[in-house]
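Geometric and topological summary
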Amino acid sequence: MNFNLFPVVNLILLGASASAIPGILGLLRAIESRLGRLFSVFSFGIAFWIFCYGLEILFTSFSQKIFWANWQILSAAIASISFFLIALTYTGRGRSINPLVISLFSLIPLTTLAFAFTDEKHHLVRQFVGIAYVRQPLSFVSLEFEYGPLYWVNTVYLLLVVLAGVLLIARYVHRASPTMRVQGVTMMIGILLPWAANIITILGFNPLAPLDITVFALLITNVIFAVSIIRLRLFNLIPIARDTLIESLPDAVLIMDKHGLVVDANPSSLRLLHIEQKEILGKPAASLIPDDLTALLKQSSQEKKPICKEIQINGQGSPRYFNLTAAPLTGQGAIAAGWLVTLADITPVKESEQKIQLLLESEREQRILADTLRESSNILSTALNMESILDHLLGLVRRVVPYDYARLFIVENNQARIVRQAGFEHLPPDVVYKISNHTLNVQTTENLQWMVNHRQPMIISNVAEFPGWINVSGDLDIHSWLGAPIFAQQELIGFISLISIQPDLYQQSHAERLFAFSGQAALAIQTARLFDELRRMAITDSLTSLFNRRHFFDLARLEFERARRYGEELSVIMLDIDHFKQVNDTYGHVAGDSVLATLARVCRADLREMDILARYGGEEFVILLPNTSIDAALVAAERLRKKTENTAIELNTTTRRESAGYTSNSALPSHLHVTISLGVSALDTSVPDLENLINRSDHALYDAKQSGRNCVCVWK
């Protein structure tokens, strides 16, 4: 060994140990981030490089020196390639990193390493290898050789890889915010120092020869990166945020600098705007998003708050609609250093609104009929729920076409069911009940089937002479009949049936009026259905069909105020499925959805009509029990707990098995049992508001979880 080099070697080995510190800091600061993990690999690669070099100059035997010199090839490859991957991730191109890409990048260094350990057979890596005894300034034994062709290929390749990473960062920070620019420049300086030192050494201009100045430059590099982590918060800003949050957002997220140029964009932006990553970076955001974005950004900067606006983007195919939010990103002195712009796709909502609007416009166009039709249409168009329309419909028909008796049929599953009728008020209640509970099969009822096939109204001058007539009016003396189908586009909604005691009453003009009215009725019914569906979607949870959290609070506040005003009892139950995450992880999210839906049905079946049940969020449900004491609520909660525990939830269907990723029937059980934990609280004089009452139940639920789950706890 070169004992006189111990001070230098100790310094180098100490530097190798210190070089691992930035890697440890990277892991501690961003262990869940790809960027943090890559930087740790980079830092440990440098530490390994320095360590190997220290051992190379320490040992004096030829074989030992060659051994540690060979491992420096690997450590240089680790540091160079990991830096390039860091540059890809830092600049938003990390999605392209995968094992295949890493393998391809490592092909040349690994090949060089393999040839280095067998170099005595071919000398492709080093030529004329020997040992030189250095006397000045320090006395030690050094390797002496000429570079082989494969060594040059590997060295040039790694230098180009590092240079490519530097250029990526330089291009990125050129358009980045000041904080990001300082980070990027620091990273470039840190890596360019050993890069330049290595070139100087290779070209023979090393002032410390035969010592390798690259190693000492690497020590400085790790010092620079350590400072970047501690002082510049290298892993606390945009790269970490986009790895952990922005990348997974369904909404488009654009980050712009103070000049309005896009410096970062998440995958949803590329998908929604139909543009490639390389095309969006550095491009003015105003060219991607019309509707005077520049003015909107200026307004957000002046008001120092986010600005929201609904916009339309005419891209490929039909136009798309977005809720745009522009928020200023303030730097030093509260001056906007850029903007964060989000785009939430509301196209489905706008399309629903447009459908409703088209229906309303079509309805208005048909008001060119007689004044009576116009008035009837106005009345129908103001009733935006199905029950109200059905209540008005037959009364409005009388203004268009005369009748003695009238019925409105709604068709469901090819069965025409009477939902409203008029003119039968003078009959005894038992007779009215009997004749109002008829259901007709559309395909086997001749007059109904004719109207469906021809999509036209039908007149029967004398029902006694019509061979296919089906009497659903009992002993009433009827003669003339007029009917019209109610179609909404291609969908059969129902029929209007008018009856007169006068023979030959109805003429073609009556049929035309009724048919025109049926068109208005179809539009009104379809509009009501759309409004009912939109309202239902707005207040219910799509998976469980229970009220959502927002609607629960609307209803619960009314009950809370009523109970407090009149001194009535009121209780709240919060319940949570035990180990629900384990169900999802073990059996798949489809099984988890089945558990939620089944629990909702069990609760709904066990509660009273007056009780308010809602999905509170995730696997949590909330129940408000009017006129219920704390003791009664505890009984109800315990009953729910037992029923849930004893309920077998079906899992083993083909769809659920495939969705869960199971390929055999035995892998996924046919049934699953779960338990729930429940917390109960009741209204008393110490409860200031509804939120406090719910919070008490939530605390009780927490106590139930802490008590071993599958139990009921009351707030104390």
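Refer to the preceding data block for the structure.
Residues numbered from 1 in each chain as written. Predicted model: local features only at pLDDT ≥ 70, side-chain atom pairs only at ≥ 80, totals over all residues. Heavy atoms only, no water.

1. Notes on the packing of helix α22 (residues 589-606) against helix α23 (residues 630-645)
Remark: α22 packs on α23, axes separated minimally by 10 Å, with the N-to-C direction vectors making an angle of 140°. With respect to each other, α22 and α23 are oriented oblique. Taken as a pair, α22 and α23 cross one another with a handedness that is right-handed. Between α22, through Leu599, Val602, Cys603 and Asp606, and α23, the contact on the second element is made entirely by Arg639, Leu640, Lys643 and Thr644. (Axes fitted to C-alpha atoms, helices over the stretch in contact; angles between N-to-C directions. Helix = DSSP H or I, 4+ residues; strand = E, 2+ residues; numbered from the N terminus. Parallel < 35°, antiparallel > 145°, perpendicular 65-115°, else oblique. Left-handed = near helix turned anticlockwise from the far one by under 90°. Contact = heavy atoms within 4.5 Å.)

2. A closer look at the nonpolar core
Of all hydrophobic cores here, the largest spans 37 residues; its most connected members are Phe42, Phe83, Leu85, Ile86 and Ile169. Those elements that provide at least two residues to this core are α2 (34-58), α3 (62-90), α6 (149-173), α7 (178-202) and α8 (213-231). Excluding residues within four positions of it along the chain, Ile169 makes contact with Phe83, Ala87, Thr91, Gly184, Met187 and Met188. Leu394, Leu408, Leu498 and Ala524 belong to the second-largest nonpolar core, a separate cluster that totals 30 residues. (Core = buried A, V, L, I, M, F, W, Y, C linked by side-chain atoms within 4.5 Å. Buried < 20%, exposed > 50% of the residue type's maximum accessible area, 1.4 Å probe, protein only.)

3. Here we look at the packing of helix α20 (residues 549-566) against helix α25 (residues 690-706)
Contact geometry for α20 and α25: axes closest at 10 Å, N-to-C directions at 105°. Between α20 and α25, the interaxial angle falls into the category roughly perpendicular. Counting all contacts with α20, which are made through Phe552, Phe553, Ala556, Arg557 and Phe560, the residues of α25 involved are Leu690, Glu691, Leu693 and Ile694.

4. Description of unusual backbone geometry
Notably, Arg455 is not glycine yet its phi reads approximately 50°, a positive angle. Inspection of the secondary structure assignment puts Arg455 in the loop between α18 (446-454) and β11 (458-460).

5. Remarks on the pairing of strand β3 (residues 252-257)
Within a regular strand, the side chains alternate between the two sheet faces. In terms of residue burial, β3 counts as a mostly covered element, since six of its six residues are buried. Here β3 shows a buried face lined by Ala252, Leu254 and Met256 and a second buried face lined by Val253, Ile255 and Asp257. Where β3 lies against strand β4 (residues 262-265), three bridges are found, and the strand directions are antiparallel. Across the sheet, Met256 pairs through a bridge with Val262, a residue of β4. Between the end of β3 and the start of β4, which pair antiparallel, lie four residues, with Gly260 showing a positive phi angle near 80°. (Pairing = 2+ DSSP bridges.)

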